[in-house]
There are 2 protein chains.
Amino acid sequence: MNIGLDMMGGDFAPLEAVKGVAQYLSEQKQSPTLFLIGDQKYVEKLVKEHKVPEEHFRIIASEEVIGMHEHPTKALKEKQRSSIAIGFQLLASGKIDAFISAGNTGAMLVGTLFSIKALEGVLRPTISTVIPKEDGSTGILLDVGLNVDCKPEHLNQFAVMGSVFSHLILGIEKPKVGLMNVGQEEGKGNLLTQAAYPLLKNNKQIHFIGNVEGRDILLEKADVMVCDGFTGNIILKLAETLYEITHRKRIQHDYLERFNFENYGGTPVLGVAKPVIIGHGISKAVAFKNMILVAQKMLEKKVLERMKKALEE
Amino acid sequence: MNIGLDMMGGDFAPLEAVKGVAQYLSEQKQSPTLFLIGDQKYVEKLVKEHKVPEEHFRIIASEEVIGMHEHPTKALKEKQRSSIAIGFQLLASGKIDAFISAGNTGAMLVGTLFSIKALEGVLRPTISTVIPKEDGSTGILLDVGLNVDCKPEHLNQFAVMGSVFSHLILGIEKPKVGLMNVGQEEGKGNLLTQAAYPLLKNNKQIHFIGNVEGRDILLEKADVMVCDGFTGNIILKLAETLYEITHRKRIQHDYLERFNFENYGGTPVLGVAKPVIIGHGISKAVAFKNMILVAQKMLEKKVLERMKKALEE
């Protein structure tokens, strides 16, 4: 099992990426081989400094970096020797089995959608976010921005992919699926959610519990919450600022700390044929470690095959 | 100037409504006449107990109450002698100039839309919520649920109505208008926001500052934030739960206290020909007082005429 990691992506690269790799390896008995893609000399120096055990990684040299604010499509096309472009080349050719980066999100999405096929049967790949619930559990919300205009059948597929992820990666036995909506009762909603409801209700692959409202997002009502990417993106970014504001105002509490998305280790793109994990620009060591862990789990538990199977049935 | 108040609406009616009236009158030098609509004997007893000065109110007897969970249209039709139905009869006939209730929200909306005309030129009346900004100022977000499917021209009108409200009622000199969206740049968004952007940009009645994202909702970037009612409803309810959760977890801070929507005094329906203000079911005295104040301000400052004029230009 080979996992590729972009060492040059994110605000604190490559130092925090190296520290994340060191942390990850120190906690694992059996590790996949990590392909560390980045500035060869710089990364070599850092892995030595941080005593990263040599048998567990290979450095893959890249000569360019896609900046956080570059135009994704243009940058990917022009910077073929960038760490992100090389990562997708390795992934597409099968030299690595999963690819992780905290770099330019747009470039990661474009790279994923253009170089990695969608899983058979998937209409729209999607991205999700974890949601810290009041009772300490972890929900997921999807889509959070990849598909701003959705059709009912997209939401239905998000529900299936989210359920498989919630079950296999977050360890929730029988994830409860809720449809983000403006009211509890069937029949409530906009045109999209009104049409999506019966699809979800009749979907035997999921455990649909009905509509969930804004007030339910942080409660334990549903483990998997599906919505169009417009709504999801706004919810995600609102939750992110909330942490920043409470942090700035020095309001401290364990619960608020769970809104620090830096800790979660990025979001996988769901619905493509290989695991791709996109981290926050602000990712630090623990986020890199967690991203490698999620990629490893996705491969070990054959999450994508399970999704494909669930979507076929 | 006559303002009607439903004394039977809300979880703590009529006691908190009476206390709110008492608070309001104790703080005002010149007051409109308040029409207190409710159970005559009960309200009479309470106003005596709370020493509400007699010259400032009249009690209007109602014999029925629409419960918080009754079907709005059915209840309004069948309970003609309910406090809400009587309120709309008085408002439609001109005996009162504004109507306030913390009762069944659906019944208030149905009553408004069916018995009070839309302002000339208004395509869709709307409801808003105040948003507590990090810097202490107060923004508004609209629509928050009355129009779950919107057209671009609806958002454009919400921007105008929101700006007038923000200016005249919240006292913001030149309200900055933002379009709720998933990215900052023009051209980002779903079909609705992509089409709404140029309308807002070319609208001379407002001070449009471009797109705002989920991360900007609580920041000072925009004073008036416009979105479809699906998105707005989810944001509002998420913000409401946030307060409840921090309250339950005993996380205390002045900023979090500002998410206690109980204090804000309800939301006016904007875009109808007469002020109608809908309070939270959980409204207590201070909320009732604030709702009367908002109604009074809306009448004194001729908010609806100003909206009508702004929409014509």
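Conventions and cut-offs
Numbers given for residues are sequential positions, taken from 1 along each chain in its written order. Just so you know, chain letters begin at A and ligand numbers begin at 1, following the order they were written in. Restriction of local features to residues with pLDDT of at least 70 applies here, the model being predicted, together with a cutoff of 80 or more for giving and counting side-chain atom pairs; totals for whole chains, interfaces and linings are based on all residues. Elements are defined by DSSP. Helices are runs of H or I of four residues or more, strands are runs of E of two residues or more, and each kind is numbered from the N terminus. Put simply, a residue is buried when 20 or more other C-beta atoms lie within 10 Å of its own C-beta and exposed when 12 or fewer do; between those, it is partly exposed, and each C-beta is set from the backbone. Contact between two residues is assigned when their C-beta atoms, built from the backbone, lie within 7 Å. Paired strands, in this sense, are two strands between which DSSP finds at least two bridges. For helices, the fitted axis covers only the stretch in contact; all axes are lines through C-alpha atoms, and the angles between them, taken along N-to-C directions, range from 0 to 180 degrees. A least-squares superposition brings the copies together, and it is based on the C-alpha atoms of residues with pLDDT no lower than 70 in both. These domain boundaries are the output of an automatic or database domain assignment. Three categories are distinguished: nonpolar for Ala, Val, Leu, Ile, Met, Phe, Trp, Tyr, Cys and Pro, charged for Asp, Glu, Lys and Arg, and polar for the others, with Gly belonging to the last. What we call a nonpolar core is a set of buried Ala, Val, Leu, Ile, Met, Phe, Trp, Tyr and Cys residues whose membership is set by joining through C-beta atoms within 7 Å.

Draft legend 1. Representation of the overall build of chain A. Of the regular secondary structure elements, chain A holds eleven helices and eleven strands. With respect to the principal axes defined by its C-alpha atoms, chain A has extents near 60 × 45 × 40 Å. Counting every position in chain A, which comprises 313 residues, the buried fraction comes to 56%. Sequence separation of at least 24 residues holds for 70% of the intrachain contacts in chain A that already meet a minimum separation of 6.

Draft legend 2. Just the sheet that holds strand β4 (residues 98-101) of chain B, in detail. All names here are of chain B. Strand order in this open sheet of eleven strands is β3-β2-β1-β4-β11-β10-β5-β6-β9-β7-β8, and the pairing throughout is mixed. This sheet does not close on itself; its edge strands, each paired only once, are β3 (57-61) and β8 (207-212). Ignoring which end each strand starts from, the neighbouring axes of this sheet average 25 degrees apart.

Draft legend 3. Quick peek at the relation of the copies chain A and chain B. With an RMSD of 0.0 Å, chain A superimposes on chain B once it is rotated by 180 degrees and translated 0.0 Å along the axis. Such values leave the two copies arranged in the relation of a two-fold axis. If distances are taken from each C-alpha of chain A to the rotation axis, the shortest is found for T231(A), at 2.9 Å. Of the residues that chain A buries at the interface, 100% are likewise interface residues in chain B, meaning the two copies contact each other through the same surface.

Draft legend 4. Summary view of the sheet that holds strand β7 (residues 176-180) of chain A. All names here are of chain A. The strand order across the open sheet formed by eleven strands is β3-β2-β1-β4-β11-β10-β5-β6-β9-β7-β8, and the pairing between neighbours is mixed. Each edge of the open sheet is held by one strand with a lone partner, namely β3 (57-61) and β8 (207-212). For this sheet, the mean angle separating the axes of adjacent strands, direction not counted, is 25 degrees. Sheet analysis places strand β10 (residues 267-270) next to strand β11 (residues 276-278), joined by two bridges and oriented antiparallel. Following the sheet pairing, P268 is matched in β11 by I277. With respect to the sheet, helix α4 (residues 83-93) is in contact with β1 (2-6), β2 (33-38), β3 and β4 (98-101), its orientation differing from that of β1 by roughly 165 degrees. In this fold helix α5 (residues 105-115) packs onto β4, β10 and β11, with an angle of close to 165 degrees to the strand it touches most, β11.

Draft legend 5. How the structure looks around the domain arrangement of chain A. Residues and elements named next belong to chain A. According to the domain assignment, chain A consists of domain 1 (1-120 + 271-301) and domain 2 (123-260). One C-alpha centre belongs to domain 1, the other to domain 2, and the line joining them spans 27 Å. With nine residues of domain 1 at the contact, the number on the domain 2 side is seven residues. With three residues, the top contributor of residues to the side of domain 1 that touches domain 2 is helix α10 (residues 285-300). A breakdown of the residues in the side of domain 1 that touches domain 2 according to their chemical character gives six nonpolar, one polar and two charged.

Draft legend 6. Geometry of the nonpolar core. Among the nonpolar cores identified, the biggest contains 197 residues, and L5(A), V21(A), V226(A), L5(B), V21(B) and V226(B) are the most heavily contacted of them. Setting aside chain neighbours within four positions, we find V226(B) in contact with L142(B), L155(B), F158(B), A159(B), G162(B), V177(B), L179(B) and M180(B).

Draft legend 7. Expanded view of unusual backbone geometry. Of the consecutive residues L142(A) and D143(A), the connecting peptide bond is found in the cis state with omega at 0 degrees. Mapped onto the elements, D143(A) comes out in the loop between β6 (138-142) and α6 (152-168). A cis amide bond, omega -5 degrees, links A13(B) with the succeeding residue P14(B). Considering the arrangement of structural elements, one finds P14(B) in the loop between β1 (2-6) and α1 (15-27). At K51(A), a position not held by glycine, the phi torsion is positive, near 50 degrees. Within the secondary structure layout, K51(A) lies in the loop between α2 (40-49) and β3.

Draft legend 8. Layout of the interface of chain A and chain B. Between chain A and chain B, the residue contacts involve 31 residues of the former and 31 residues of the latter. When residues of the side of chain A that touches chain B are traced back to their parent elements, those giving at least two are α8 (229-248) and α9 (254-257) of chain A. Ranked by the residues each element gives to the side of chain A that touches chain B, the list is headed by α8(A), at eleven residues. Residue composition of the side of chain A that touches chain B, by class: 16 nonpolar, eight polar and seven charged.

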